[in-house]
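A look at the structure
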Amino acid sequence: MKKINGSIEANSVDIYVVVGYLFIAFLLMAGVLILFFYFSRKKIIQKEIEKKNLEINHQKELLRSVILTQEAERKRIAQDLHDDISSKLNVVSLNTHLLKTPNLSDDEIQEITDNITGLTQKALESSRRIAHDLLPPVLEKFGLNAGIEELIVEVTSSKLVRVNYENKLKFQFEDTERHLHIFRVLQELLNNSMRHGKATEVSIKFDTINNVETCTYSDNGKGFDASNEESQRGLGMKNIESRISFLNGTFSIASKVNEGVKVIFTF
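Throughout, a residue's number is its position along its own chain's written sequence, starting from 1. Reporting in this predicted model follows two pLDDT cut-offs: at least 70 for local features of residues, and 80 or more for side-chain atom pairs to be given and counted; totals over whole chains, interfaces and linings ignore these cut-offs and use all residues. As a rule here, side-chain values come from all non-hydrogen atoms in the structure, and water together with hydrogens is ignored.

1. Describing the overall build of the protein
Each helix is a run of H or I in the DSSP string that is no shorter than four residues. Each strand is a run of E no shorter than two, and both are numbered from the N terminus. When its secondary structure is counted, the protein shows 6 helices and 5 strands. Counting from the amino terminus, helix and strand elements in the protein follow one another as α-α-α-α-β-α-β-β-α-β-β. For the protein, the residues scored as buried account for 28% of the 267 residues in total. Should any heavy atoms of two residues lie within 4.5 Å, those residues are counted as being in contact. Residue pairs at least 24 apart in sequence account for 67% of intrachain contacts in the protein once pairs closer than 6 positions are excluded. If you sum the accessible surface of the protein, you get close to 18,500 Å²; carbon and sulfur atoms cover 59% of it. Throughout, exposure labels follow a simple rule: accessible area from a 1.4 Å probe, protein chains only, divided by the maximum for the residue type, with under 20% read as buried, over 50% as exposed, and the rest as partly exposed. A 1.4 Å probe and the Shrake-Rupley method give the accessible areas. Residues count as covered only by the protein chains that appear here.

This is how it looks when you write it as structure tokens:
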């Protein structure tokens, strides 16, 4: 009986030892899992923070480009007002005072009057041009479609480039502010195609893709390496992206050297 009891006690001790080892192993495994999930979660959070920081920095860059563009526009308008209008009005003022000169002959009066008329006409043309640059009248009166058609006529008048334009959307007249952003984007893209890309053919298409209003723009110009971020950091591209951001749209660009440019943006 003593041997049997001793054997039972030994077996009980062995079971407790095994249970103890299993419990310790369970605790170690639980600890490892907790540490794994902790560091995995920490890494995910860190990645999310980095992503948010990149988005914030990108938005700051877009805002900076908007401010730079606005300042450049203000400077250009101020220069135009000073050079094209203010200087002409000063000469008009001087000529007006000349008319008060005593004993002027009829020919002298006629010459001064013609100078005043000519300078006044030029000042009016300059003021119309400045107003047109700020907000094209056709865009405000007849809508985006008419504004784009007028822009294309201006671009193609040089006979250096041909533009194929197709529009399947119905633009609402009351969306003037949104339309102005779209108009400026196309203006910038056409300027890039002609000045930098040396393109001879451009395609502009407006359509609804996946229930989203979309513009597809392409040219046959020199193109560039789209994988190189430096190629896309020009003020023009940032200006385009910032305007599309105001429209709550998306923007993508594809290009290769000597294979033209393709831009797709939603609005």
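Still more to cover.
2. Section: the sheet that holds strand β2 (residues 201-209)
Spatially, 5 strands are ordered β1-β2-β3-β5-β4 in an open sheet, and the strand pairing comes out mixed. The two strands at the open ends of the sheet, each matched to only one other strand, are β1 (162-167) and β4 (251-255). In this sheet, neighbouring strand axes are inclined to one another by 10 degrees on average, regardless of whether the strands run parallel or antiparallel. In this structure, strand β3 (residues 212-219) lies alongside strand β5 (residues 261-266), joined through 6 bridges in antiparallel fashion. In the strand pairing of β5, Asp 219 is matched with Val 261. When DSSP finds two or more bridges between two strands, those strands count as paired. Geometry is summarised by axes, namely lines fitted to C-alpha atoms with helices restricted to the contacting stretch, and by angles between N-to-C directions that run from 0 to 180 degrees.

3. Considerations on a nonpolar patch on the surface
What goes into a patch is any residue over 30% in relative accessible area without a salt bridge, connected to like charges within 9 Å or, for nonpolar side chains (Val, Leu, Ile, Met, Phe, Trp, Tyr), within 5 Å. Salt bridge, as used here: a side-chain nitrogen of Lys or Arg that lies within 4 Å of a carboxyl oxygen of Asp or Glu. Taken together, Val 17, Tyr 21, Phe 23, Ile 24, Phe 26, Leu 27 and Leu 28 make up a surface patch of nonpolar side chains, about 770 Å² in accessible area. By secondary structure assignment, the location of Tyr 21 is in helix α1 (residues 2-98).

4. Concerning the pattern of salt bridges
Summed over all chains, the structure comprises 3 salt bridges. A salt bridge links Glu 166 to Lys 168; the shortest N-O distance between them is 3.7 Å. By relative accessible area, which is 34% here, Glu 166 ends up partly exposed.

5. Focus: the packing of aromatic side chains
Here a Phe, Tyr or Trp ring, Trp counted by its six-membered ring, pairs with any other such ring whose centre lies within 6.5 Å, and the pair is stacked when the planes are under 30 degrees apart, edge-to-face when over 60, and tilted otherwise. Counting across every chain of the model gives 5 aromatic pairs. Taking 6.3 Å as the distance between ring centres and 85 degrees as the angle between the ring planes, the aromatic pair formed by Tyr 165 and Phe 206 counts as edge-to-face. Taken together, the residues span a long stretch of sequence, with Tyr 165 in strand β1 and Phe 206 in strand β2 at a distance of 41 residues. With a relative accessible area of 22%, Tyr 165 lands in the partly exposed category. For Phe 206, a relative accessible area of 1% puts it in the buried group. Among the aromatic residues, ring-to-ring pairing joins Tyr 165, Phe 171, Phe 206, Phe 265 and Phe 267 into one connected group.

6. Observations concerning the pairing of β5
As paired elements, β4 and β5 share 5 bridges and run antiparallel to each other. Bridge pairing in β5 links Ser 255 to Val 261. Counted along the chain from β4 to the antiparallel partner β5, the turn is 5 residues long, and its residue Asn 258 has a positive phi close to 65 degrees.

7. Concerning the side chain of Ser 193
Looking at where Ser 193 falls in the secondary structure, it is placed in helix α5 (residues 176-195). Engagement of the side chain of Ser 193 in a polar contact is seen with the side chain of Tyr 217, the distance being 2.6 Å. Excluding residues within four positions of it along the chain, Ser 193 makes contact with Lys 198, Ala 199, Val 202, Tyr 217 and Asp 219. In the analysis that follows, any N or O atom pair within 3.5 Å is treated as a polar contact, provided that within protein one partner can donate a hydrogen and the other can accept it, and provided that, for residues neighboring in sequence, both atoms belong to side chains.

8. Observations regarding unusual backbone geometry
Positioned with a positive phi, Asn 210 is a non-glycine residue whose angle comes to about 55 degrees. Tracing the chain through its elements places Asn 210 in the loop between β2 and β3. Unusually for a residue other than glycine, Asn 258 sits at a positive phi of about 65 degrees. Here Asn 258 shows up in the loop between β4 and β5.

9. With respect to the environment of Thr 200
Counting through the fold element by element, Thr 200 comes out in the loop between α5 and β2. Overall, Thr 200 belongs to the partly exposed group, its relative accessible area being 47%. In this structure, the C-alpha to C-alpha distance between Thr 200 and Val 161, residues 39 residues apart in sequence, is 4.2 Å. Setting aside chain neighbours within four positions, we find Thr 200 in contact with Leu 160, Val 161, Arg 162 and Asn 220.

10. Remarks on the packing of helix α4 (residues 144-156) against α5
Two elements in contact, α4 and α5, have axes whose closest approach is 10 Å; the angle formed by their N-to-C orientations is 20 degrees. As summarised for this structure, α4 and α5 are arranged roughly parallel, according to the angle between their axes. The two elements α4 and α5 meet at a crossing, and its hand is right-handed. Of the residues in α5, those touching α4 at Leu 144, Gly 147, Ile 148, Leu 151 and Val 155 are His 179, Ile 182, Phe 183, Leu 186, Gln 187, Leu 190 and Met 194. When residues are sorted by character, Ala, Val, Leu, Ile, Met, Phe, Trp, Tyr, Cys and Pro go into the nonpolar class, Asp, Glu, Lys and Arg into the charged class, and all the rest, Gly among them, into the polar class. Of the residues in the contact of α4 with α5, the class split is 9 nonpolar, 3 polar and no charged. Angular relationships are summarised with four words: roughly parallel below 35 degrees, roughly antiparallel beyond 145, roughly perpendicular across 65 to 115, and oblique for the angles in between. Here a crossing is called left-handed whenever its near helix is offset anticlockwise from the far helix by less than a right angle, and right-handed whenever the offset is clockwise.

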